[in-house]
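Structural overview for review
The residues making up each chain are set out below.
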Amino acid sequence: GQKAPHATQSVQPKQKKIAVLTSGGDSAGMNAAVRAVVRMGIARGCQAYIIREGWEGLVRGNTEYNEAATATAANTPQNSQPATPALSRNASFAALPPTQRLANANKASKKRKVEQPYGPLTFGFGDLLKDGAGENADDIGAPIDSMSPLGLGQASHENTAVAGASVPSDSQKTLKGMYIVRVGWDDVRGWMGEGGTLIGSSRCPAFRQREGRLKAAENLISFGIDCLAVCGGDGSLTGADKLRGEWPSLVKELLETKRISKEQAETYAHLNIVGLVGSIDNDMAMTDLTIGGITALHRICEAIDSISSTASSHSRAFVVEVMGRHCGWLSLLAGIATGADYIFIPEQPPKSEKWEEEMCEVLRAHRRVGKRKSIVIVAEGALDRNLKPIKGDDIKDVLVKQLGLDTRVTTLGHTQRGGKPCAWDRILPTVQGVEAVEALLSATPETPSYMIGISENKITRVPLLEAVAQTQAVATAIENKDFDKAMSYRDPEFAESLQAFIASSTLDERFRVAPEKRLRVAILHVGAPAGGMNAATRQAVRYCVARGHTPLAIHNGFDGLLEDNVQELSWLRVDTWTTRGGSELGTNRTLPDVNLGGVAAAFQSHGIDALLMIGGFEAWHSLQILESARSNYPSFQIPMVHLPATLSNNVPLTDFSLGSDTSLNALIDACDAIRQSASASRNRVFVVETQGGMSGYIATLGALAVGGVLCYTPEDGISLDLLRKDVEFLRKRYELDQHGKSEGRLVIKSEKSSKVYTTEVMTNILKEEGKDLFDARSASLGHTLQGGTPSPLDRTRAARLTLRCMQFLEEHAVSPLQKNSYKGRNKVPTSNSPQSAASITIQGSQIIFAPVADVLKAADMKNRRGKVTWWKDMKALAELLGGRTGLIGDQ
Ligand code: ATP
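Quick caveat: nothing in here was measured; it's all calculated off a predicted structure.

**Topic: the overall build of the protein chain**
Along its length, the protein chain carries 31 helices and 24 strands. Burial statistics for the protein chain: of 891 residues in total, 62% are counted as buried. Partitioning the intrachain contacts of the protein chain with sequence separation of at least 6 by distance along the chain shows that 80% fall at a separation of at least 24.

Rendered as structure tokens:
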């Protein structure tokens, strides 16, 4: 299928002005979205604007600012410029090719330096926006409904220097009254790792009224903005859709009331709008994920992981209330990721009218098998079948009264919104922001407004109107008690996750299959440990128990099997495995061909009917060996499935393997710390070395997630010529910096990108060539990249994919009883088809079981990776957004 977008597609636009705003509740990753829209917009030759405070800023425009400016203009003649002076001064800037633009900006910055204290490439306000410069809600005039106090109080940025010389001197410490601001490349530098939204957000009642939207239209036209990217929840996107729908009539009214000229009415007859979904609830239909959802899940899991140990110590019950008004996504996914006992979600209230009994029955069963702690997660919008809200305290009362449990309620509240974005909430908004710009630039009056979504790993454009309508339909279905319909509007992943949760938490005998269908399922880990391996094993064991199968753990891979290190696992034994890193079963790189006969004999002696292998390239290779030996060894004529798990993400055909997300998060944590050091010592380039074998996944996605300026991968290698150009880029970049604030920069280098240009050699070259412009250091992340605690995404992905794997095994299995009933006849049925030995793969928007031969076809066996990788273009994108492409071209 089509993969994530890259930098080179789409049309060359005529010059446009693109504005971006964030609206509604803030969410982690909004800043990365703004950065991507701004930088991609500039790279595409457009002028970029930010609109502060969401719709409120658009309605207000810069009128208040103009008033302030006029009042002081008499004393400071140089300040009597239009509200966004950069606009007129750089009118021709965007028309140039990127290389020239940056070079000119450099020249200009030197000139400007004399006139005014400019930051090069900085037409405005980056630091100002970050530092907040003392602004608060009062500064922006009349009270606004629950206006966030500008959300700009990020104290983490040391530099309070005013970059925006285009602001009159009396306003230099504030952007008071200025809501629509032209921004430059460097204004969004370092935004990737910041939580919340640096450009502010609000709820704006005025925009709900036509009069407010009329003012918004007037402001857009007066600034000549014809493209608008809106990042917010369903409310904000509804507003966006309204504005676009009404646009012709708004323009007409503005013309009739002489608020705009005839020429303006003609030029701005159309407004292009695109929506990016920023919401922690993950409640938008037609996309698997919203920007900020996964980070919120991180915060929830961190909290519940901590609660779990104290709950266990005191044998307590904890009720944890999480966000989600109409959407149980956070509750559900947190339930899976933390191994909770029970969850409440709005879409699927407990089946019985008496939820109290239903819940107590589950918890009682868990206690009966020996659990010492009970965790119940409840979404804030949870309801019973009669739409009566179910609150944390209600649940607590029931647990105390009916089960006699020492119970505490924890409401996580706003901690869920906070904190720095996780890896995926940097990558997703970045690729979606890029796609948003492409969608805006290719829009015509006939195309609908799009919302940028994601389906598994495919970035999608869906009609905004439809997505909003379907989202609202969920709430309506819930109101009408049509819970099945509410579920059907959620993406398929949601239903599957719910199924996985139920399978992992139930001890209900109803789910058991008939005795003749029960299997002995072996589970083993192969290769290096990866985050999520244990979560997958837990899910497999729990599924087996729920269905009446026997889960057999093979410890220490094929070595362990040959030593007969096989043990049946119990439901309780795996209880805490979701949160554990490494491999609880033990793993190594030994392949089954070390002693195929011995392996076959062990399969036979343990009566293994099905096999789940969790691991990376070796695990797939093992599958290939076992499958090709089927004709010689009947005990391999069983269904076998491989679940890819490796931080290198080098298993062919699958877009993601377990562990790769944990690893990326370990990388961004390390890089955030390194960047701080790099910035503190100024002018320092850090060459950060990553693991990943011959696969550049971690390096590439890592560079995209941390805003690395250069990226080296084994796929592309390193040449002297490339190094020369990269040095040229860095020199140019630091020359530009000389006139403003210097920065530390990150270069992400995969350890196997070159045998000759090792990290040490490369660091020395950069040091030498940087001369007095920049210095270089290196840092090797080594095994830290395996991560400690697996990320929530890896844990939940593990559960969902394992559920599919187990269903696959059941589908292709022939049970011992079935086999016995054939004894004495000629042909005993077996699982011998190529389809019954497969790897589970995520391919674009689909999950596909790929038989061994298909994976082989896609494999580059020499380099132990896929022949084609979806992230290849991401390297170019990282370097484009890092500024390399603009400065020295894209060779
Ligand atoms: P979250 O998911 O965090 O709640 P949201 O975008 O859904 O985010 P809302 O408060 O619903 O948050 O909407 C944000 C703003 O979008 C509103 O304050 C209002 O300005 C605008 N908006 C919402 N609904 C509409 C509407 N029906 N018509 C016009 N504007 C709207």
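**Quick word on empty space enclosed by the protein**
Counting across every chain of the model gives 6 cavities of 30 Å³ or more. Within this model, the largest cavity holds a volume of roughly 220 Å³. Those elements that provide at least two residues to the lining of the largest cavity are helix H12 (329-338), helix H18 (492-505) and helix H27 (792-812). Considering each element in turn, the lining of the largest cavity owes the most residues, 4 residues, to H27. Counted by class, the lining of the largest cavity contains 9 nonpolar, 3 polar and 5 charged residues.

**What about the nonpolar core?**
Counting residues in hydrophobic clusters, the biggest one holds 149 residues, and the most contacted among them are Trp424 and Leu612. If you tally residues by element for this core, the top one is helix H15 (residues 424-441), at 10 residues. Leaving out residues up to four positions away in the same chain, Trp424 has contacts with Leu289, Ile294, Pro429, Ile454, Asn457, Phe656, Asp661, Leu701 and Leu793. The next biggest cluster of nonpolar side chains, apart from the first, holds 38 residues, and it includes Leu21, Val59, Ala216 and Ile221.

**So, the sheet that holds strand E2 (residues 47-51)**
Strand order in the open sheet made by the 7 strands is E3-E2-E1-E4-E5-E10-E11, with mixed pairing throughout. Only two strands of the sheet have a single partner each, and these edge strands are strand E3 (180-183) and strand E11 (458-463). Across the sheet, the mean angle separating the axes of adjacent strands is 30° when strand polarity is ignored. Pairing between strand E5 (residues 272-277) and strand E10 (residues 450-455): 3 bridges, direction parallel. The residue of E10 that forms the bridge with Val274 is Tyr450. Against the sheet, helix H16 (residues 464-479) contacts E5, E10 and E11, and its axis sits at roughly 85° relative to E11.

**Concerning the environment of Ala229**
Within the element layout of this structure, Ala229 appears in strand E4 (residues 227-232). Note on Ala229: relative accessible area 0%, which makes it buried. In this structure the C-alpha to C-alpha distance between Ala229 and Ala799, which are 570 residues apart in sequence, comes to 35 Å. Not counting residues up to four positions away in its chain, the partners in contact with Ala229 are Ala19, Val20, Leu21, Val37, Val274 and Leu440.

**Side note on the site of the ligand**
By nearness alone, 18 residues border the ligand, and Arg203, Cys204, Gly235, Ser236 and Arg325 come closest of all. The contact in question runs from an oxygen atom of the ligand to an N or O atom on the side chain of Arg203, over 2.7 Å. At 3.3 Å from a nitrogen atom of the ligand is found a side-chain nitrogen or oxygen belonging to Arg208. The protein chains hide 90% of the 620 Å² of surface that the ligand would expose on its own. If you list the elements that add at least two residues to the shell around the ligand, you get helix H7 (205-208) and helix H9 (234-256). At 6 residues, the largest contribution of residues to the shell around the ligand is made by H9.

**Observations concerning the sheet that holds strand E18 (residues 710-712)**
Here 4 strands make up an open sheet; going across it, the order is E18-E19-E17-E20 and the pairing parallel. Strand pairing shows two members of the sheet lacking a second neighbour, E18 and strand E20 (775-780), which therefore form its edges. For this sheet, the mean inter-axis angle between neighbouring strands, taken without regard to orientation, is 20°. Packing of helix H24 (residues 697-706) onto the sheet brings it into contact with strand E17 (684-690), E18 and strand E19 (745-750), and relative to E19 it is tilted by some 165°.

**Structural notes on helix H1 (residues 30-43)**
Taking 1.5 Å of rise per residue, 14 residues should cover 20 Å, and H1 covers 20 Å from first to last C-alpha, within 8% of that figure. Where burial is concerned, most of H1 is hidden: 14 out of the 14 residues are buried.

**Comments concerning the layout of surface pockets**
If a probe the size of a water molecule is rolled over the atoms, the empty space left behind becomes visible. Size it by volume and the second largest pocket reaches roughly 860 Å³. Forming the boundary of the second largest pocket are 35 residues, of which Arg203, Arg208, Asp234, Gly235 and Ser236 lie nearest the centre. Counting only elements with at least two residues in the lining of the second largest pocket, the list comes to H7, H9 and H16. Of all the elements, H9 adds the most residues to the lining of the second largest pocket, at 6 residues. Across the lining of the second largest pocket, the residue classes tally to 8 nonpolar, 15 polar and 12 charged.

**Regarding the packing of helix H25 (residues 720-737) against helix H26 (residues 759-770)**
A pair of packed helices is characterised by two quantities: the angle between their axes and the separation of those axes. In the contact formed by H25 and H26, the axes pass within 10 Å of each other and the chain directions differ by 45°. Classified by the angle between their axes, H25 and H26 sit oblique to one another. Remark: the crossing between H25 and H26 carries right-handed chirality. When H25 is examined against H26, the residues Leu723, Val727, Leu730 and Arg731 are found in contact with a partner set consisting of Met762, Ile765, Leu766, Glu769 and Gly770.

**Observations concerning the pairing of strand E1 (residues 17-22)**
Most of E1 is tucked away: 6 of the 6 residues are buried. What you see with E1 is no split at all: Lys17, Ala19 and Leu21 on one side and Ile18, Val20 and Thr22 on the other are buried throughout. One ladder, built from 5 bridges, connects E1 with E2; its direction is parallel. Bridged to Leu21 within E2 is Ile51. Running through H1, the crossover from E1 to the neighbouring parallel element E2 is right-handed.

**Some words on the packing of aromatic side chains**
Taken as a whole, this structure holds 14 aromatic pairs when the rule is applied. Taking the centre distance of 4.4 Å and the plane angle of 15° together, the rings of Phe808 and Phe849 count as stacked. Of this pair, Phe808 sits in helix H27 while Phe849 sits in strand E22 (residues 846-851); the two residues are 41 residues apart in sequence, bridging distant segments of the chain. Within the aromatic cluster, the residues linked to one another by ring pairs are Trp424, Phe656, Tyr697, Trp870 and Trp871. When the ring centre of Phe656 is taken as reference, the NZ or CZ atom of Arg797 above it lies at 4.3 Å.

**Considerations on the side chain of Gln539**
With respect to the element layout, Gln539 can be found in helix H19 (residues 533-547). Reaching out from Gln539, the side chain makes a polar contact with the backbone oxygen of Ala500 at a distance of 3.0 Å.

About the cut-offs
Residues numbered from 1 in each chain as written. Predicted model: local features only at pLDDT ≥ 70, side-chain atom pairs only at ≥ 80, totals over all residues. Heavy atoms only, no water. Helix = DSSP H or I, 4+ residues; strand = E, 2+ residues; numbered from the N terminus. Buried < 20%, exposed > 50% of the residue type's maximum accessible area, 1.4 Å probe, protein only. Contact = heavy atoms within 4.5 Å. 1 Å grid on protein atoms, 1.4 Å probe; cavity = no way out; pocket = protein on both sides within 12 Å on 5 of 7 lines; lining within 4 Å. Points joined across faces, edges and corners; volume = space filled by probe spheres on them. Nonpolar A, V, L, I, M, F, W, Y, C, P; charged D, E, K, R; others polar. Core = buried A, V, L, I, M, F, W, Y, C linked by side-chain atoms within 4.5 Å. Pairing = 2+ DSSP bridges. Axes fitted to C-alpha atoms, helices over the stretch in contact; angles between N-to-C directions. Near = heavy atom within 4 Å. Polar contact = N/O pair within 3.5 Å; in protein donor to acceptor, adjacent residues only side chain to side chain. Areas by Shrake-Rupley, 256 points an atom, 1.4 Å probe, with all protein chains shown as cover. Expected span 1.5 Å × (residues − 1). Parallel < 35°, antiparallel > 145°, perpendicular 65-115°, else oblique. Left-handed = near helix turned anticlockwise from the far one by under 90°. Right-handed = clockwise from strand over helix to strand, strands pointing away. Phe/Tyr/Trp six-rings, centres within 6.5 Å; stacked < 30°, edge-to-face > 60°. Lys NZ or Arg CZ within 6 Å of the ring centre and 35° of its normal.

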